[in-house]
Amino acid sequence: MIRNTNSAAKTWLFWIFIVFLGVMLWKLVSSNGTGSANGISQAHTGGWVLILLNAAPLILLVGFCLFLMSRMRKGFTRIQNPGSPLLRTGIGYDLHRLEYGRKLIVGGIELPFDKGPVGHSDGDVLAHAICDALLGAAGLGDIGTHFPDTDPKWEGANSLRFLEHTRKLLDENHFTIQYVDAVVITEKPKLGPHFPKMREALAHALGVSTEHVHLKAKTNEGVDAVGHGEAIAAHVVATLSQR
Ligand code: MG
């Protein structure tokens, strides 16, 4: 789609250039034939002055066309190049064991349930996976780099603070959050009814509108630790743009 748009623009520019070139050449020939152009007499100014007067717009147009084509080529290359700083994508994953008697916090929201995640912070598996996806997309390490579980400062911490700090890091590095898409995997409880509040909390912490955060829920069909209700997991893909 982008390639087609660029090709069409280049084709139009090419034909505009050809038509303009033809008009200017015709004007030059006419001027030499009649001995005047633009109201200036050839006898007073000489042929070379007439040529300069007529060629000036043409030179400007050629320069402008070359500039536009160069800009389009650069834009096209940036989109095609996998290492381009224009758009960056990151993936995040997290899993926490669930134990009885702990608060279950997912996406910054406490859910009514008899089990909760074991973790140094509040164990918010969704917030942690989002952090990793964002930091990965920006090439800024991972959640353990910035919020090590050996630091007593983060003991029992609200994981939305991790997201707020990550947002600041992204801003300092000229990144803008374009989209966050997540899936949370747990057998119980049902997460769907809580998604609107989770999206609000996450979007607020990230400084974006809720349309930029999308959540999905899955079970593990009774398979493995997640399927047995012993753990909760999350996968996240985040897209950033660089200013
Ligand atoms: Mg975690």
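Residues numbered from 1 in each chain as written. Predicted model: local features only at pLDDT ≥ 70, side-chain atom pairs only at ≥ 80, totals over all residues.

Summing up its helical and strand segments, the protein chain has eight helices and nine strands in all. Counting across all 243 residues of the protein chain, residues that qualify as buried make up 28%. Long-range pairs, those at least 24 residues apart, make up 71% of the contacts in the protein chain with a sequence separation of at least 6. (Helix = DSSP H or I, 4+ residues; strand = E, 2+ residues; numbered from the N terminus. Buried ≥ 20, exposed ≤ 12 C-beta atoms within 10 Å, placed from the backbone. Contact = placed C-beta atoms within 7 Å.)

Across the sheet, which stays open at both edges, the five strands sit in the order S6-S3-S9-S7-S8 with mixed pairing between neighbours. In the strand order of this sheet, the two ends are held by strand S6 (115-117) and strand S8 (213-218), each with one partner. Direction aside, the axes of adjacent strands within the sheet are offset by 25° on average. Strand direction decides the pairing type here: strand S7 (residues 175-185) and strand S9 (residues 231-242), joined by 10 bridges, are antiparallel. Its bridge partner lying in S9, Val183 is registered against His235. (Pairing = 2+ DSSP bridges. Axes fitted to C-alpha atoms, helices over the stretch in contact; angles between N-to-C directions.)

Geometrically, a packed helix pair is captured by the angle between its two axes and the distance between the axes. Orientation of helix H4 (residues 125-138) relative to helix H6 (residues 160-172), taken along the N-to-C sense of each, is 10°, at an axis distance of 9 Å. Regarding the angle of H4 to H6, the classification is roughly parallel. For the crossing formed where H4 meets H6, the hand is left-handed. For the pair H4 and H6, the contacting residues are Ala127, Ile130, Cys131, Leu134, Leu135 and Ala138 in the first and Leu160, Phe162, Leu163, Thr166 and Leu170 in the second. Here the residues of the contact of H4 with H6 sort into 10 nonpolar, one polar and no charged. (Parallel < 35°, antiparallel > 145°, perpendicular 65-115°, else oblique. Left-handed = near helix turned anticlockwise from the far one by under 90°. Nonpolar A, V, L, I, M, F, W, Y, C, P; charged D, E, K, R; others polar.)

Two strands pair when backbone bridges link them, and S7 and S8 are joined in this way by six bridges, in the parallel orientation. Paired with Ala182 across the strands is Leu215, a residue of S8. For the crossover from S7 across helix H7 (residues 195-206) to S8, the handedness is right-handed. (Right-handed = clockwise from strand over helix to strand, strands pointing away.)

This part takes up H6. Given a rise of 1.5 Å per residue, 13 residues ought to cover 18 Å, and the 19 Å separating the end C-alpha atoms of H6 matches this to within 8%. Among all positions of H6, only Leu160, Phe162, Leu163, Thr166 and Leu170 are buried. Buried positions in H6, seen along its axis, are confined to an arc of 145° and lie on one side of it. When the buried face of H6 is taken as reference, the exposed residues oriented beyond 90 degrees from it are Lys168 and Glu172. Of the surrounding elements, those touching the buried residues of H6 are H4, helix H5 (143-146), S7, H7 and S9. Of the residues trailing H6, His174 is marked for its positive phi of about 65°. (Expected span 1.5 Å × (residues − 1). Arc of directions from axis to C-beta.)

Attention shifts here to the nonpolar core. Grouped together as the largest cluster of nonpolar side chains are 45 residues, with contacts concentrated most on Ile130 and Leu134. Secondary-structure elements contributing two or more residues to this core are strand S4 (104-106), H4, H6, S7, H7, S8 and S9. Looking at this core, the element that brings in the most residues is H4, giving 11 residues. Those residues in contact with Ile130, other than ones at most four positions away along the chain, are Gly92, Leu163, Val180, Ala182, Leu202, Val236 and Ala238. (Core = buried A, V, L, I, M, F, W, Y, C linked by C-beta atoms within 7 Å.)

Moving on, we come to H4. When the terminal C-alpha atoms of H4 are compared, their 20 Å separation across 14 residues agrees well with the 20 Å that a helix rising 1.5 Å per residue should span. Among the 14 residues of H4, 14 are classified as buried, and the element is accordingly described as predominantly covered. Gly139 sits one or two residues past H4 and shows a positive phi near 70°.

With that settled, consider the confidence of the model for the protein chain. Of the residues in the protein chain, 79% reach a pLDDT of 70 or more, and the chain-wide mean stands at 85. In the model, residues 1-5 has pLDDT below 50 throughout and makes two contacts with residues more than four positions away in sequence or in other chains. (pLDDT = per-residue confidence, 0-100.)

Before going further, it helps to spend a moment on the packing of H6 against H7. One way to put it is that H6 packs onto H7 with a least axis distance of 7 Å and a crossing angle of 35°. Only Ala201, Leu202, Ala205 and Leu206 of H7 make contact with H6, whose side of the interface consists of Leu160, Leu163, Glu164 and Arg167. Its residues placed into classes, the contact of H6 with H7 shows six nonpolar, no polar and two charged.

Looking now at the environment of Phe162. Position of Phe162 among the secondary structure elements: in helix H6. Taking the C-alpha atoms as reference points, Phe162 and His128, separated by 34 residues in sequence, lie 7.9 Å from one another. Setting aside residues no more than four positions away along its own chain, Phe162 makes contact with Ala127, Cys131, Ile143 and Phe147.

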